[in-house]
Amino acid sequence: MKTILITGAAGDIGTHLRRELAGKYHLRLSDVRPLKPARGEKFARADISRMADALRITRGVDAIVHLGGYSVEGPWEGILSANIIGCYNVFEAARRNGVKRMLFATSNHAVGFYPRQQTIDHRVYIKPDGRYGVSKVFGEAMGSLYADKYGMQVFLMRIGNVNPAPIDKRRLSIWFSPRDLAQLVSIGIEHPDIRFEIVYGVSNNTRSWYDNSNAFRLGYKPVDDSEIYAAAVLAKEKPGDPIGERYQGGAFTHVEAVPNPAPLPRAAKESHGKAMKKPAKKAAKKVPKKAAKKAK
Ligand code: 15L
């Protein structure tokens with residue numbers, strides 16, 4: 001049985017993946033947050049923005065499913081540390097530890113500025129829709145470099161939205177059911193001929209914006225289609241967000257319009273769901289000059 005490291009294992013995708021892959025692989029998990037491992041799993045708490053941590057968690061594994069990082073649009077500092085420095089560290093640590101195969105969770109937001117009328121495949125030019133999208137493009141570039149320069153076998157999954165069911169109109173086009181996620185990840189781990197591949201991490205959605213022929217060529221046969229949820233989802237859909245409606249990336253395309261993308265404009269918050277509702281960190285309280293002098 002292969003040993004697989006899942007970074008960011010405490011997140012939504014990691015949680016679904018652990019359940020779906022249980023018993024199929026020896027699962028090593030890492031996250032910056034605490035996590036209670038299930039039977040057969042091993043957990044190591046790690047901050048991937050530190051190279052020493054990245055080296056520690058990538059030792060002795062057959063493949064890595066790199067999910068760890070900042071998972072929505074947000075302040076540059078957070079994205080820089082988790083998705084640029086952290087992503088670099090995971091690839092580089094994997095190389096130093098001789099890990100042959102890397103599955104990287106890139107995102108639909110690496111190409112989110114394509115209009116919804118256009119069907120795109122794995123060969124289109126990148127069109128990131130924010131800082132987060134740019135960070136995912138960075139990960140894709142790392143994959144390309146490490147495949148070409150070091151012979152790492154790299155499988156890039158441009159993931160849509162993983163959920164037990166699609167949550168809004170946009171997600172009807174990019175929904176990725178947990179069992180289809182597990183199938184695609186298994187192909188990324190097992191396929192004998194992976195060198196460098198880009199695939200879309202989505203189910204077999206009738207309303208899809210993707211030509212996922214590269215995944216199908218590698219044997220992916222998604223079993224779910226969001227269409228069975230369409231009537232219920234559309235009945236609940238709130239109107240509004242004309243800019244987001246134009247592009248595949250939805251509101252991610254216009255949160256850049258504000259000086260600091262968190263907090264977000266109302267429309268963006270509504271169409272991004274829970275993850276983007278996190279309030280921005282409050283600015284540190286100013287210490288009055290007198291008190292500051294006293295403290296010295
Ligand atoms: C992503 O890349 C995010 O990680 C996820 O939280 C969702 O927001 C998803 O995209 C989406 O586009 O729905």
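Above this text sits the structure in question.
Let me sum up the structure you'll find in this document. (Residues numbered from 1 in each chain as written. Predicted model: local features only at pLDDT ≥ 70, side-chain atom pairs only at ≥ 80, totals over all residues. Heavy atoms only, no water.)

With that settled, the discussion passes to the packing of aromatic side chains. The final tally for this structure, using the stated rule, is 8 aromatic pairs. With a centroid separation of 4.8 Å and an interplanar angle of 75 degrees, the aromatic rings of phenylalanine 113 and tyrosine 247 are classed as edge-to-face. Of this pair, phenylalanine 113 sits in the loop between strand S5 (101-107) and helix H4 (131-150) while tyrosine 247 is found in the loop between helix H9 (242-246) and helix H10 (266-272), placing the two residues 134 residues apart along the sequence. Ring centres 5.4 Å apart and planes at 75 degrees place the aromatic pair tryptophan 175 and tyrosine 229 in the edge-to-face group. (Phe/Tyr/Trp six-rings, centres within 6.5 Å; stacked < 30°, edge-to-face > 60°. Helix = DSSP H or I, 4+ residues; strand = E, 2+ residues; numbered from the N terminus.)

This part takes up the site of the ligand. What surrounds the ligand is the set Ser71, Val72, Ser107, Asn108, His109, Tyr132, Gly160, Asn161, Arg170, Arg171, Ile174 and Phe252. Contact between the ligand and serine 71: an oxygen atom at 2.6 Å from a main-chain N or O atom of the residue. Residue arginine 171 places a side-chain N or O atom 2.7 Å away from an oxygen atom belonging to the ligand. Considering the ligand on its own, with 320 Å² of exposed area, one finds that the protein chains cover 86% of that surface. Among the elements that line the shell around the ligand, the one with the most residues is helix H5 (residues 169-174), at 3 residues. Of the residues in the shell around the ligand, the class split is 4 nonpolar, 6 polar and 2 charged. (Near = heavy atom within 4 Å. Polar contact = N/O pair within 3.5 Å; in protein donor to acceptor, adjacent residues only side chain to side chain. Areas by Shrake-Rupley, 256 points an atom, 1.4 Å probe, with all protein chains shown as cover. Nonpolar A, V, L, I, M, F, W, Y, C, P; charged D, E, K, R; others polar.)

Once that is clear, we can look at a nonpolar patch on the surface. Together, Trp76, Leu80 and Ile85 make up a nonpolar patch on the protein surface, roughly 240 Å² of accessible area in all. By secondary structure assignment, the location of isoleucine 85 is in helix H3 (residues 76-96). Looking at isoleucine 85, the relative accessible area reads 37%, which means it is partly exposed. (Patch = residues over 30% accessible without salt bridge, like charges linked within 9 Å, V, L, I, M, F, W, Y side chains within 5 Å. Salt bridge = Lys/Arg side-chain N within 4 Å of Asp/Glu carboxyl O. Buried < 20%, exposed > 50% of the residue type's maximum accessible area, 1.4 Å probe, protein only.)

Moving on, we get to the nonpolar core. For soluble globular proteins, the rule of thumb is that nonpolar side chains tend to be buried together. Within the largest apolar cluster, 30 residues are counted, with the highest numbers of intra-cluster contacts made by Ile6, Leu17, Val65, Phe155, Met157, Leu184 and Val185. Elements that contribute at least two residues to this core include exactly strand S1 (3-7), helix H1 (12-21), strand S2 (26-31), strand S4 (63-66), S5, strand S6 (153-159) and helix H6 (178-190). Counting residues per element, this core draws most heavily on H6, which supplies 6 residues. When residues no more than four places from it in sequence are discounted, the contact partners of isoleucine 6 are Leu17, Arg18, Leu27, Arg28, Leu29, Ser30, Val65 and Leu67. Judged by nonpolar contacts, the second largest core, of 20 residues, contains Ala46, Ala94, Ala147 and Leu156. (Core = buried A, V, L, I, M, F, W, Y, C linked by side-chain atoms within 4.5 Å. Contact = heavy atoms within 4.5 Å.)

A separate point is the side chain of aspartate 224. By the element assignment, aspartate 224 lies in the loop between helix H7 (213-217) and helix H8 (230-236). Setting aside residues up to four positions removed in sequence, aspartate 224 forms contacts with Trp175, Ser177, Arg179, Asp180, Ser203, Asn204 and Asn205.

Turning our attention to the packing of H1 against H6. Between H1 and H6, the least distance of the axes is 9 Å, while the angle of their chain directions is 75 degrees. In terms of orientation, H1 lies roughly perpendicular with respect to H6. Counted together, Ile13, His16, Leu17, Arg19, Glu20 and Leu21 of H1 and Pro178, Arg179, Leu181, Ala182, Val185 and Ser186 of H6 form the full contact between these two elements. Its residues assigned to classes, the contact of H1 with H6 shows 7 nonpolar, 2 polar and 3 charged. (Axes fitted to C-alpha atoms, helices over the stretch in contact; angles between N-to-C directions. Parallel < 35°, antiparallel > 145°, perpendicular 65-115°, else oblique.)

Right, let's get into the sheet that holds strand S3 (residues 41-45). Taken together, the 7 strands give an open sheet; going across it, the order is S3-S2-S1-S4-S5-S6-S9, and neighbouring strands pair in parallel fashion. Looking along the sheet, the strands with just one partner apiece sit at the ends: S3 and strand S9 (196-201). Ignoring strand direction, the axes of neighbouring strands in this sheet form an average angle of 20 degrees. Pairing between S1 and S4: 4 bridges, direction parallel. Note on S4: the bridge partner recorded for leucine 5 is isoleucine 64. Seen against the sheet, H4 touches S5, S6 and S9 and runs at an angle of roughly 155 degrees to S5. (Pairing = 2+ DSSP bridges.)

The buried fraction of S6 amounts to 6 of the 7 residues, a majority that puts the element mostly inside the structure. As defined by bridge partners, S5 adjoins S6 across 7 bridges and the pair is classed as parallel. From the neighbouring strand, alanine 105 faces S6, where its bridge partner is methionine 157. Of the crossover connections in this fold, the one passing from S5 over H4 to the parallel S6 is right-handed. Sheet topology places S6 next to S9; 6 bridges connect them, and they run parallel. The residue bridging phenylalanine 155 from the neighbouring strand is glutamate 197, located in S9. (Right-handed = clockwise from strand over helix to strand, strands pointing away.)

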